[in-house]
Amino acid sequence: MKLADYQRATVALGFAREPPATLPPGFALYREMIQARLVDMAKVAYARSWRVLGHDACVRSFARFVASEPPSSPHLREVVGAFATFALRDAELLDSAAPHGPDLLCFEACVWEVATAPVPEDAFAGVRELDFEGALVLQPTLRTLVLARAVEEERTEPHAISSVLLVYRRAGDDDVHWYRATPPFVRLLALAAGAPASLGSQLRQVLAPGGEPMEPEALSSLVGDLGVALERGVILGVRAISA
Amino acid sequence: MLHGIGLGLRQPLARALFAEPPPALRWLELHPENYLGRGGLYASLLAEARERWPLVTHGLSMGFGALAPYDPSALDALARFVGALGCPWHSDHLCFASVDGVYLHDLLPLPRTEEALDVCVRRIGEMSAALPVPVALEPISYYAEPPCADAALDEAAFVREVLERADARLLLDVNNVLVNAENHGYDPRAFIDRLPLERVVQLHVAGHHVRADGMRIDTHAAPICDEVYALFAYTMERLARPVPVLLERDDAFPPFAELAAEIARLDAIYREALARVGAEHVA
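**Comments concerning the overall build of chain A**
For step 1, the next point in the chain: Assigned secondary structure in chain A consists of 10 helices and 5 strands.
For step 2, the next point in the chain: At 23 Å, chain A has a C-alpha radius of gyration far larger than the 18 Å of a compact globule built from 243 residues.
For step 3, the next point in the chain: Principal-axis analysis of the C-alpha atoms gives chain A an extent of 75 × 40 × 35 Å.
For step 4, the next point in the chain: In chain A, which comprises 243 residues, the proportion classed as buried is 44%.
For step 5, the next point in the chain: Taking the intrachain contacts of chain A between residues at least 6 apart in sequence as the baseline, contacts between residues at least 24 apart amount to 59%.
For step 6, the next point in the chain: Surface summary for chain A: the accessible area is close to 12000 Å², and the carbon and sulfur share equals 56%.

Dropping the structure here:
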């Protein structure tokens, strides 16, 4: 057997639905070891989802995942992240799942990603206090998550409530935080994540997209949201807009 | 010069390790895959570890039996990482861990053929050219013999050939030697005697699991057994010089005091072995 044939047979042994018969029987152990290592990591990452969706169902979904998308990253964390993406469209897993199962997995996958998301070295360069002329600078680890059910707090019943959750990790803090954002603030964040523009112009786009005068109450509420976001570290400040 | 007992930096151990480091602990080893491009807790752990101990990197995903050349961007990232940490060398495994862009996340044995030898020498050469430090290889524990009709070399001869042709360093895992010797029926001391020990830059020591059928599985999830301690003492006497010795613990983490006790016992064996052969221990 050529080296390439042997190595490819071993990959099939590790991940294929039906392991090949070309390898000696002693290799069966490797299939168990390869899949167990990956499954164990996913189980840790998505502990609540694992309980809600069921261990056996998750293990079967994981086997379907590696059979159809064998790990393409040397980083276990990325394989675990890719599994969540797969599982969220795995009908066999989700069809019989509790209604909040998909939202919960979505939430845990987001937390898993944010927990160790890298922060670029220049993320804080040129950031100054908030003013209307500068462009909003968002926390680089910030992710927005649209949920149909409240699953973020384990102690509360996962009732139906459409919301956008801001999930992020602050500089110098290893913990992941989250809170629900108001729709106007979510629209402001979406604008801020796009092409750089002044905060003032983006506030107008959110509150008065047709050029009409801004409602003082709405403006006050959105400025309040900005203050909360600044305090929580979701936004860092503003940066001068380069020409 | 790095020497004495080290510990693998693992997230579940870090808090206890940083709070009360064992007195005999001299250095830490880490897997680049766990830290490269990663922020948050892992970045914090790395920052604290590098302030307090010398660090050595030990890869998991770039087994030297990879058929395809390494991704240059991955090599470049590794080179910058290893260089920034001031590591004296970087090691990975004499195995294959990926093929055709698929990563097994495990260490798979290579057939001991000329073809495999040639591949390993090429990969080690690529890595050596890219990194600012020497490259060391670790022979793995394995549980089945790869099918290879033209295999002409036994395990020790294969390791020796790769080391010499690639001019590489050796990371000798004493636990792997014992596990393989028991599973495949050979004398672990005779195996060690046949290795080019002058190339050893580092040792690994760990615990393993013994299945009901007697097969030994290299889990890094159990205390070091007496047979491994004894083989470690033998290896130190054969080396007859101070080297860095790593306690590997990757799962089923016990109270940290138990690991500290293992580190103390390893340190005592290390010092006694060096004293027996008249080698000077570096304080």
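From this point, things continue past the structure.
**What to know about the pairing of strand E8 (residues 169-173) of chain B**
Residue and element names in this part refer to chain B.
For step 1, the next point in the chain: Along E8, 4 of the 5 residues are buried, which leaves the element largely enclosed by surrounding structure.
For step 2, the next point in the chain: Across 2 bridges, strand E7 (residues 135-139) lies against E8 in parallel orientation. Its bridge partner being in E8, Ala-136 is matched across the sheet by Arg-169.
For step 3, the next point in the chain: Direction of pairing for E8 relative to strand E9 (residues 200-206): parallel, over a ladder of 4 bridges. Its bridge partner being in E9, Leu-170 is matched across the sheet by Val-200.

**A word on the confidence of the model for chain B**
For step 1, the next point in the chain: Of the residues in chain B, 98% reach a pLDDT of 70 or more, and the chain-wide mean stands at 96.
For step 2, the next point in the chain: Predicted complex metrics record ipTM = 0.93 and pTM = 0.93.

**Notes on empty space enclosed by the protein**
Residue and element names in this part refer to chain B.
For step 1, the next point in the chain: With the rule as written, the count across this model stands at 2 cavities of 30 Å³ or more.
For step 2, the next point in the chain: Taken as a whole, the largest cavity holds about 130 Å³ of empty space.
For step 3, the next point in the chain: Among the elements that take part in the lining of the largest cavity, helix H5 (residues 155-166) stands out by supplying 3 residues, more than any other.
For step 4, the next point in the chain: The residue makeup of the lining of the largest cavity, split by class, is 8 nonpolar, no polar and 2 charged.
For step 5, the next point in the chain: Estimated volume of the second largest cavity: approximately 30 Å³.
For step 6, the next point in the chain: Forming the walls of the second largest cavity are Pro-139, Ile-140, Glu-155, Leu-172, Asp-173, Asn-176, Val-177, Asn-180 and Phe-191.
For step 7, the next point in the chain: Breaking the lining of the second largest cavity down by element, the ones donating at least two residues are E8 and helix H6 (174-184).
For step 8, the next point in the chain: Top element by residues in the lining of the second largest cavity is H6. It accounts for 3 residues.
For step 9, the next point in the chain: For the lining of the second largest cavity, the residue count by class is 5 nonpolar, 2 polar and 2 charged.

**Considering the side chain of A:His75**
For step 1, the next point in the chain: Among the structural elements, A:His75 can be located in the loop between helix H4 (55-68) and helix H5 (76-87).
For step 2, the next point in the chain: Apart from residues lying up to four places away in sequence, A:His75 is in contact with B:Glu33 and B:His105.

**What to know about helix H9 (residues 256-276) of chain B**
Residue and element names in this part refer to chain B.
For step 1, the next point in the chain: Spanning 21 residues, H9 covers 30 Å between terminal C-alpha atoms, matching the ideal 30 Å at 1.5 Å per step.
For step 2, the next point in the chain: All of the buried residues in H9 are Phe-256, Leu-259, Glu-262, Ile-263, Leu-266, Asp-267, Ile-269, Tyr-270, Ala-273 and Leu-274. Across the axial projection of H9, the buried residues extend over an arc of 165°, all falling on one side. Among the exposed residues of H9, those oriented more than 90 degrees off its buried face are Ala-257, Ala-275 and Arg-276.

**Quick word on the interface of chain B and chain A**
For step 1, the next point in the chain: Taken residue by residue, the interface counts 41 residues in chain B and 35 residues in chain A.
For step 2, the next point in the chain: Remark: the boundary between chain B and chain A carries 2 salt bridges.
For step 3, the next point in the chain: In this structure, the salt-bridge partner of A:Arg8 is B:Asp100, at a minimum N-O distance of 2.6 Å.
For step 4, the next point in the chain: At the junction of chain B with chain A, the criterion picks out 14 residue pairs in polar contact (both at pLDDT 80 or more).
For step 5, the next point in the chain: Elements with a minimum of two residues in the side of chain B that touches chain A: helix H2 (41-52), strand E5 (96-99), strand E6 (102-108) and helix H4 (114-130) of chain B.
For step 6, the next point in the chain: By residue class, the composition of the side of chain B that touches chain A is 23 nonpolar, 11 polar and 7 charged.

**A closer look at the environment of B:Leu110**
For step 1, the next point in the chain: One can find B:Leu110 in the loop between E6 and H4.
For step 2, the next point in the chain: When the C-alpha atoms of B:Leu110 and B:Phe64 are compared, they prove to be 9.6 Å apart, with 46 residues separating the residues in sequence.
For step 3, the next point in the chain: Not counting chain neighbours up to four residues away, the residues in contact with B:Leu110 comprise A:Leu3, A:Gln7, B:Gly65, B:Leu94, B:Cys95, B:Phe96, B:Ala116, B:Cys120 and B:Pro146.

**Side note on unusual backbone geometry**
Residue and element names in this part refer to chain B.
For step 1, the next point in the chain: Of note, the phi angle at His-220 is positive, near 55°, even though the residue is not glycine.
For step 2, the next point in the chain: One can find His-220 in the loop between strand E11 (216-217) and helix H8 (226-239).
For step 3, the next point in the chain: For Ala-252, which is not glycine, the phi torsion reads 50° and is therefore positive.
For step 4, the next point in the chain: When you line up the elements, Ala-252 lands in the loop between strand E12 (244-248) and H9.
For step 5, the next point in the chain: Exposure remark for Ala-252: the relative accessible area of 45% places this residue in the partly exposed category.

**Focus on the packing of aromatic side chains**
For step 1, the next point in the chain: The final tally for this structure, using the stated rule, is 15 aromatic pairs over all chains.
For step 2, the next point in the chain: Measuring from centroid to centroid gives 5.9 Å for A:Tyr30 and B:Tyr143, while their planes differ by 50°, and the two rings are tilted. Of the two residues, A:Tyr30 sits in helix H2 (residues 28-45) while B:Tyr143 sits in the loop between E7 and H5, which places them in two different chains. Of the two residues, A:Tyr30 and B:Tyr143, neither departs from the other in class, the shared state being buried.
For step 3, the next point in the chain: Ring-pair connections join several aromatic residues into one group, and the members of that group are A:Tyr6, A:Phe27, A:Tyr30, B:Phe96 and B:Tyr143.
For step 4, the next point in the chain: Seen from the ring of A:Tyr179, A:Arg232 lies directly overhead, with NZ or CZ sitting 4.1 Å from the centre.
For step 5, the next point in the chain: Sitting over the face of the ring of B:Tyr234, B:Arg189 holds its NZ or CZ atom 5.2 Å from the ring centroid.

Rules and cut-offs
- Residues numbered from 1 in each chain as written.
- Chains lettered and ligands numbered in written order.
- Predicted model: local features only at pLDDT ≥ 70, side-chain atom pairs only at ≥ 80, totals over all residues.
- Heavy atoms only, no water.
- Helix = DSSP H or I, 4+ residues; strand = E, 2+ residues; numbered from the N terminus.
- Rg over C-alpha atoms; globule rule 2.2 N^0.38 Å.
- Buried < 20%, exposed > 50% of the residue type's maximum accessible area, 1.4 Å probe, protein only.
- Contact = heavy atoms within 4.5 Å.
- Areas by Shrake-Rupley, 256 points an atom, 1.4 Å probe, with all protein chains shown as cover.
- Pairing = 2+ DSSP bridges.
- pLDDT = per-residue confidence, 0-100.
- 1 Å grid on protein atoms, 1.4 Å probe; cavity = no way out; pocket = protein on both sides within 12 Å on 5 of 7 lines; lining within 4 Å.
- Points joined across faces, edges and corners; volume = space filled by probe spheres on them.
- Nonpolar A, V, L, I, M, F, W, Y, C, P; charged D, E, K, R; others polar.
- Expected span 1.5 Å × (residues − 1).
- Arc of directions from axis to C-beta.
- Salt bridge = Lys/Arg side-chain N within 4 Å of Asp/Glu carboxyl O.
- Polar contact = N/O pair within 3.5 Å; in protein donor to acceptor, adjacent residues only side chain to side chain.
- Phe/Tyr/Trp six-rings, centres within 6.5 Å; stacked < 30°, edge-to-face > 60°.
- Lys NZ or Arg CZ within 6 Å of the ring centre and 35° of its normal.

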